[in-house]
Amino acid sequence: MKYVKFCVLIPVILFWSITPLIAQEEQEEAEDLMDKSLEELLDIKLDYGYKEAPVSINAYMNTALWNFGDQFWGKYANVGGSAAGRPLFISYSGYISVSAQITSKLFAEVEFELYKGQKGEFKVTRLRQVWTPNKYFRLTLGRDFPAIGVQDKIYYPTSQFRLITIAPYTYLSILRATGWWDSGIHMTGKIPLRDMKLIIDMSIINGPGDQHQSANYLLNHMKPNVQGYMYESFHDKARQPWDNNKSKHIAARLSFLPIKDLSLGGSYMFGKYDVDDKYNADFLYAHLLYGGERLTVAAEYGQLAVDVDPTLYTAGDTTATGSPKWDNTLSGTLNADKVTQYSYYISAGYKLFPHSSIEYFEPVFRYEFMDSWKEDKQDKGDRNLLWLGFRFSPIKHWVIKAAYSIQTESYEDLDNDGFVIESVIDF
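Every value quoted in this text rests on a predicted model; they were computed, and no experiment measured them.

Each value, and the rule that gives it
- Residues numbered from 1 in each chain as written.
- Predicted model: local features only at pLDDT ≥ 70, side-chain atom pairs only at ≥ 80, totals over all residues.
- Heavy atoms only, no water.
- Helix = DSSP H or I, 4+ residues; strand = E, 2+ residues; numbered from the N terminus.
- Buried < 20%, exposed > 50% of the residue type's maximum accessible area, 1.4 Å probe, protein only.
- Areas by Shrake-Rupley, 256 points an atom, 1.4 Å probe, with all protein chains shown as cover.
- Patch = residues over 30% accessible without salt bridge, like charges linked within 9 Å, V, L, I, M, F, W, Y side chains within 5 Å.
- Salt bridge = Lys/Arg side-chain N within 4 Å of Asp/Glu carboxyl O.
- Lys, Arg positive; Asp, Glu negative; His and termini not counted.
- Charge placed at Lys NZ, Arg CZ, Asp CG, Glu CD.
- Phe/Tyr/Trp six-rings, centres within 6.5 Å; stacked < 30°, edge-to-face > 60°.
- Lys NZ or Arg CZ within 6 Å of the ring centre and 35° of its normal.
- Polar contact = N/O pair within 3.5 Å; in protein donor to acceptor, adjacent residues only side chain to side chain.
- Core = buried A, V, L, I, M, F, W, Y, C linked by side-chain atoms within 4.5 Å.
- Contact = heavy atoms within 4.5 Å.
- Pairing = 2+ DSSP bridges.
- pLDDT = per-residue confidence, 0-100.

S.K.: Can you help me understand the overall build of the protein in this one?
M.R.: When you go through the protein residue by residue, the secondary structure sums to seven helices and 16 strands. Here the protein, with 427 residues, has 45% of them falling under the buried criterion. On the protein, roughly 22300 Å² of surface is accessible, and the fraction owed to carbon and sulfur atoms is 61%.

S.K.: Could you clarify how one ought to interpret a negative patch on the surface in this entry?
M.R.: On the surface, D70, E412, D413 and D415 cluster together to form a negatively charged patch. On the secondary structure map, D415 appears in the loop between β15 (398-409) and β16 (418-426).

S.K.: Before we go on, may I ask you to explain the packing of aromatic side chains in this structure?
M.R.: The description of an aromatic ring pair uses the distance of the two centres, along with the angle that the planes make with each other. For the coordinates displayed, the defined rule picks out 26 aromatic pairs. Aromatic ring contacts, followed pair by pair, group Y60, Y95, F145, Y155, Y156, W180 and W181 into a single cluster. The side chain of K380 reaches across the aromatic face of Y411, ending 5.4 Å from its centre.

S.K.: How do you make sense of the side chain of E113 when you look at a structure like this?
M.R.: Note on placement: E113 falls in strand β3 (residues 106-115). Residue E113 is classed as buried on the basis of its relative accessible area of 4%. Among the polar contacts made by the side chain of E113, one reaches the side chain of Y95 at a distance of 3.1 Å.

S.K.: Quick question: what am I supposed to make of a nonpolar patch on the surface here?
M.R.: A contiguous nonpolar surface patch, about 500 Å² in accessible area, is contributed by I346, F365, L386, L388, Y404 and I406. Within the residue set of the nonpolar patch, elements represented by two or more residues are β14 (383-395) and β15. Within the element layout of this structure, I346 appears in strand β12 (residues 338-350). Among the residues examined, I346 registers a relative accessible area of 40% and is labelled partly exposed.

S.K.: What is the right way to read the nonpolar core from this model?
M.R.: Side chains of a nonpolar character, in soluble globular proteins, are inclined to be buried together. Counting residues in hydrophobic clusters, the biggest one holds 68 residues, and the most contacted among them are W66, I166, M222, F234, Y273, Y313 and W387. Contacts of I166, omitting those with residues within four sequence positions, involve W66, F68, F72, W73, L172, R366, W387 and V420.

S.K.: What's the story with the pairing of β16 in this structure? I'm lost.
M.R.: Residues in a regular strand project their side chains so that they alternate between the two faces of the sheet. In terms of strand pairing, strand β1 (residues 55-68) meets β16 through nine bridges, oriented antiparallel. For A64, the partnering residue across the bridge sits in β16 and is E422. One ladder, built from eight bridges, connects β15 with β16; its direction is antiparallel. Bridge pairing links A402 to I421 in β16.

S.K.: Explanation requested: the environment of G209 in the structure shown.
M.R.: Mapped onto the elements of the fold, G209 is located in the loop between β7 (196-205) and α5 (217-221). Its relative accessible area of 0% is what places G209 among the buried residues. Sequence spacing of G209 and V275 is 66 residues, and the spatial spacing of their C-alpha atoms is 7.8 Å. Setting aside residues up to four positions removed in sequence, G209 forms contacts with L218, A238, Q240, W242, D243, N244 and Y273.

S.K.: Looking at this structure, how should I read the pairing of β15?
M.R.: Pairing geometry for β14 and β15, over 11 bridges, is antiparallel. Its bridge partner being in β15, R383 is matched across the sheet by E409. In sequence, β14 turns back onto β15 through a hairpin of two residues, with H397 there showing a positive phi of about 70 degrees.

S.K.: Help me understand the confidence of the model for the protein, please; the structure alone is not making it clear to me.
M.R.: Low pLDDT means the predicted coordinates in that region are not meant to be read closely. Across the protein, the average pLDDT comes to 86, with 86% of residues at or above 70. Long-range and interchain partners of residues 2-16, a stretch whose pLDDT sits below 50, account for zero contacts in this model, where long-range means more than four residues apart. Predicted confidence for residues 320-324 stays below pLDDT 50, and this span has 10 contacts to residues more than four positions away or in other chains.

S.K.: Help me understand the side chain of E300 in this model?
M.R.: Checked against the element boundaries, E300 lands in strand β11 (residues 295-307). Of the buried charged residues, E300 lacks a salt bridge, with R253 as the closest side chain of opposite charge at 7.5 Å. At 3.5 Å, the side chain of E300 forms a polar contact with the backbone nitrogen of V150. Engagement of the side chain of E300 in a polar contact is seen with the side chain of Y345, the distance being 2.7 Å. Setting aside residues no more than four positions away along its own chain, E300 makes contact with G149, V150, I154, T170, Y171, Y285, A286, H287, S343, Y344 and Y345.

S.K.: Honestly, unusual backbone geometry in this entry has me stumped. Any pointers?
M.R.: Apart from glycine, the bulk of residues carry a negative phi angle, and the bulk of peptide bonds sit in the trans form. We note that D261 has phi near 75 degrees; this positive angle belongs to a residue other than glycine. Tracing the backbone through its elements, the reader meets D261 in the loop between β8 (249-257) and β9 (262-270). In this structure D261 comes out as partly exposed when scored by relative accessible area, which is 33%. Notably, D379 is not glycine yet its phi reads approximately 60 degrees, a positive angle. As for its position among the elements, D379 is in the loop between β13 (360-371) and β14.

S.K.: Help me out: how do you make sense of the pattern of salt bridges in this one?
M.R.: A side chain with one charge may pair with a side chain of the opposite charge, provided their charged atoms come close. Counted under the stated rule, the structure contains 12 salt bridges. Note that R128 is salt-bridged to E109, the shortest N-O span being 2.7 Å. Taken together, the residues R128 in strand β4 (residues 122-134) and E109 in strand β3 connect sequence positions 19 residues apart. Grouping residues by exposure puts R128 and E109 together as buried.

S.K.: What should I look at first to understand the environment of D337 in this one?
M.R.: Within the secondary structure layout, D337 lies in the loop between α7 (328-331) and β12. As for D337 and D307, which are separated by 30 residues in sequence, their C-alpha atoms are 5.8 Å apart. Residue contacts for D337: discarding those within four places in its chain leaves V306, D307, V308 and P310.

Written out as structure tokens, the structure reads:
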């Protein structure tokens, strides 16, 4: 009996003594597994990935309070939009950029935007591969800012030249293209001229035109409403993931830098916008940018000339407008075959108390003029707009902006004055 008890006790004692060792070994295995990647654990190998390339993740976000009149940002000048007539707290946008310097000459980036923070939707803004063989040339493939205007320098709220939160009419109503970005081939060349520089940019892109819409979708939008207001935002309906025709828009920009911090230049973009490759949409821009230590100045002129169907512009044509109230003979656009829209602005700011107990306080202003239908003799849609405000940066990477807008119209005094307060943080 004693022998039986001894035989039973031996395994129990052995098990009791080695249990801590087993637990320690299991813990070590678990820690070892935590150090392994998912691919190693499951024996799955990714078909891509360059672990030696340093990856950088950057972001910025801005939130704002808007309060504008009932006819602000409307489909037409006298019809208000979704941001009009009431105060709105808007998590306006958030951007996330994931980039990698593959080699000293090859760079890649994908950038997403949480679009206006309202619908929880993301859109791709930049998706580009950048090759820089030397300091005089750069080639970009993918989605990026095209070489028209200087939106690549003023678009982001973190930019020195974005003095006022809301973009000027030169971009809102003239150059909305495919959301300021477009897919294609983008090239930059630099020519040194002693202490000066000459920069040449060129893009071959899809341009305006949505292949998901009906054949004459964009063409039919280039017409007035029943009160004779021209449709102001051609590119609101022209944004597309892919082109709707065989014509590629070609953009070219020439910038001259005579001294440090000063850029003078112009740009031009042309191509067809309809599915039949029949009608042109041409853009012309000129710019002046000065970004000094304390003084910032930005000025631009932008023009869009769109070929249209002359049958949309005949006397008393109810087909074009859906109502006989509007008559082209009054506006002088009888049998018109082109609509021209243009705008210009000048903005400036001067930093006070830089790098003191705060980063800076900067009074800012912007004056702009908009003509949404140059050929119209009644000047419907013509407006003057003055912004007055400030930028305040209490610490680096945090800027608070505020501005009030006052607008006057040539044809009808619209209810579209208002203000915006915005906070921007980047990291």
